[in-house]
Amino acid sequence: MNPQAAALIGAAIAVVTGLGAGIGIGIATGKTSEAIARQPEASGKIQGAFLIGIALAEATAIYGLVVSLLLLFK
Amino acid sequence: MVEAGAPEAMSISERITEAISIKTVFTIRAFGLAIPISDTILASWIIMAVLFLASWLLTRRLKEIPTRAQTLVEGLVGFINDFAEENLGHHGKHFAAFLGTIFIFLIAANLAPLFTPVGGFGYEPPFIIRPLTRDINITAGFAVCVIVTVFVSGLVIKGPAGFAKSLVSPMAFMLPFKLMEYIIKPVSLALRLFGNILGAFIIMQLIEAAMPVVLPPILAMYFDLFDGLIQAVVFAFLSTVYVAEAIE
């Protein structure tokens, strides 16, 4: 296998990290709506925690994207 | 840019590589150094100038009974002050200006591409604004500013002894992890903003290459407008959380 093809396959595999981020953000969003439905008066604090949570969950997908970009445009 | 005589000569991957590449606009020669100025740096200077002018013009003649523009500015400043105070307590007023600057600049930077003149019907727009946070150097600069603020504010507010104590709390073996945080935090801040904006930008380029009409304006609402706003909010919010963690 030539290195270029291997790099392309590697880039595609790196994007699979999106799976974890999708699941994580999905769970966080679901629980946030549950929490706001239960306690609408605390929605400000819940949204703050939610924003941090999705930002951290999303980081893995971003690392995958960066790795695949590095492989594509090296 | 399609050259005459060779229509559609660029493949999609060439187009995207061209779009995300950062070009050097001009070079400043000073003190025996040649400093290349890229298009993202130039765009950030223009945004700085616009924000500076806007803040000077809007706060030049403040009145007891606010005009319409003054009400808007007061609302924005009040929002930032409240946000800082809510998260940082009585130290909030020291950090409100810094966090507000990051917030407003990143919103301006992420929404700047919306001000690209519209081309079409044989009219080439004179310039194309691409999101400047697609350049990791811009986001890394902000991340370094934030982590220096976190470090210095922790050192000043807790005092050297308190700061050293916070590094080994609750247990001494936490020290390497606490030190590692000073690397991981800025790297993840910079990569998050950069990756999100670049990813959305590449997806928009792909969509425009595949279907130039109808679809792009609809999806741009999400990928350009919503994503840019959310990422600016997330960056400012995480910076606030890091500062709050350092000073409490």
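Residues numbered from 1 in each chain as written. Chains lettered and ligands numbered in written order. Predicted model: local features only at pLDDT ≥ 70, side-chain atom pairs only at ≥ 80, totals over all residues. Heavy atoms only, no water.

Turning to the packing of helix H2 (residues 39-58) of chain B against helix H4 (residues 92-111) of chain B, a few remarks are in order. Angle between the axes and distance between the axes: these two values describe a pair of packed helices. Residue and element names in this part refer to chain B. Contact pair H2 / H4: the axes reach a minimum separation of 10 Å and the direction vectors enclose 125 degrees. Between H2 and H4, the angle falls in the class oblique. Crossing angle aside, the handedness with which H2 passes H4 is right-handed. Between H2 and H4, the residues in contact are Ser44, Ile47, Met48 and Leu51 and Ile104, Phe105, Ala108 and Ala109, respectively. (Axes fitted to C-alpha atoms, helices over the stretch in contact; angles between N-to-C directions. Helix = DSSP H or I, 4+ residues; strand = E, 2+ residues; numbered from the N terminus. Parallel < 35°, antiparallel > 145°, perpendicular 65-115°, else oblique. Left-handed = near helix turned anticlockwise from the far one by under 90°. Contact = heavy atoms within 4.5 Å.)

With that settled, the discussion passes to the interface of chain B and chain A. Listed by partner, the interface residues are 17 residues for chain B and 13 residues for chain A. Taken over both partners, the interface formed by chain B and chain A buries close to 1200 Å², and the fraction arising from carbon and sulfur atoms is 80%. Three residues, B:Leu191, B:Arg192 and B:Phe237, lead the burial of chain B against chain A; their summed loss comes to 34% of the area buried on that side. Here chain B and chain A share zero salt bridges between them. Remark: the boundary between chain B and chain A carries one residue pair in polar contact (both at pLDDT 80 or more). Elements represented by at least two residues in the side of chain B that touches chain A include exactly helix H1 (12-20), helix H6 (175-210) and helix H7 (215-247) of chain B. Considering each element in turn, the side of chain B that touches chain A owes the most residues, nine residues, to H6(B). Of the residues contributing to the side of chain B that touches chain A, the split by class is 10 nonpolar, six polar and one charged. (Buried area = accessible area lost by both parts, 1.4 Å probe. Salt bridge = Lys/Arg side-chain N within 4 Å of Asp/Glu carboxyl O. Polar contact = N/O pair within 3.5 Å; in protein donor to acceptor, adjacent residues only side chain to side chain. Nonpolar A, V, L, I, M, F, W, Y, C, P; charged D, E, K, R; others polar.)

So, about the confidence of the model for chain A. Averaged over chain A, the pLDDT score is 87; the fraction of residues at 70 or greater is 99%. For chain A, helix H3 (residues 43-72) of chain A is the element with the lowest average pLDDT, namely 83, and helix H2 (residues 18-38) of chain A is the one with the highest, namely 93. (pLDDT = per-residue confidence, 0-100.)

Turning our eyes to something else, we now look at the pattern of salt bridges. Close approach of charged atoms allows side chains with opposite charge to pair. Residues and elements named next belong to chain B. Taken as a whole and judged by the stated rule, the model has three salt bridges over all chains. Note that Lys185 is salt-bridged to Glu181, the shortest N-O span being 3.5 Å. Of this pair, Lys185 and Glu181 both sit in helix H6, four residues apart, roughly one helical turn. On the basis of relative accessible area, Lys185 is assigned to the buried category, the value being 11%. On the basis of relative accessible area, Glu181 is assigned to the partly exposed category, the value being 32%. Linking Lys185 and Glu245 is a salt bridge whose minimum nitrogen-to-oxygen distance equals 3.3 Å. Pair noted here: Lys185 is in helix H6 and Glu245 is in helix H7, with a separation of 60 residues, a long-range link. The class of Glu245 is partly exposed, set by a relative accessible area of 40%. Residues joined in a network through salt bridges with shared partners are Glu181, Lys185 and Glu245. (Buried < 20%, exposed > 50% of the residue type's maximum accessible area, 1.4 Å probe, protein only.)

Before going further, it helps to spend a moment on the environment of A:Thr60. All names here are of chain A. Residue position: Thr60 is located in helix H3. Exposure remark for Thr60: the relative accessible area of 39% places this residue in the partly exposed category. Residues Thr60 and Ala21 lie 39 residues apart in sequence; the distance between their C-alpha atoms is 6.4 Å. Apart from residues no more than four positions distant in its own chain, Thr60 is found in contact with Thr17 and Ala21.

Glancing now at the nonpolar core. In this structure, B:Leu88, B:Leu106, B:Leu132, B:Phe142, B:Val150, B:Leu189 and B:Phe235 are the most contacted members of the largest nonpolar core, which totals 34 residues. Broken down by element, the residue count for this core peaks at 10 residues, all from H7(B). Leaving out residues up to four positions away in the same chain, B:Phe142 has contacts with B:Ile102, B:Phe105, B:Leu106 and B:Phe235. Listed in part, the 11 residues of the second largest apolar core include A:Leu69, B:Ile16, B:Ile20 and B:Leu198. (Core = buried A, V, L, I, M, F, W, Y, C linked by side-chain atoms within 4.5 Å.)

Okay, the pairing of strand E1 (residues 24-30) of chain B next. Residue and element names in this part refer to chain B. Relative to strand E2 (residues 33-38), E1 is paired through six bridges, and the arrangement is antiparallel. Bridge pairing in E2 places Phe26 opposite Ile37. Between E1 and the antiparallel strand that follows it, E2, lie two residues; Phe31 among them carries a positive phi value of about 55 degrees. (Pairing = 2+ DSSP bridges.)

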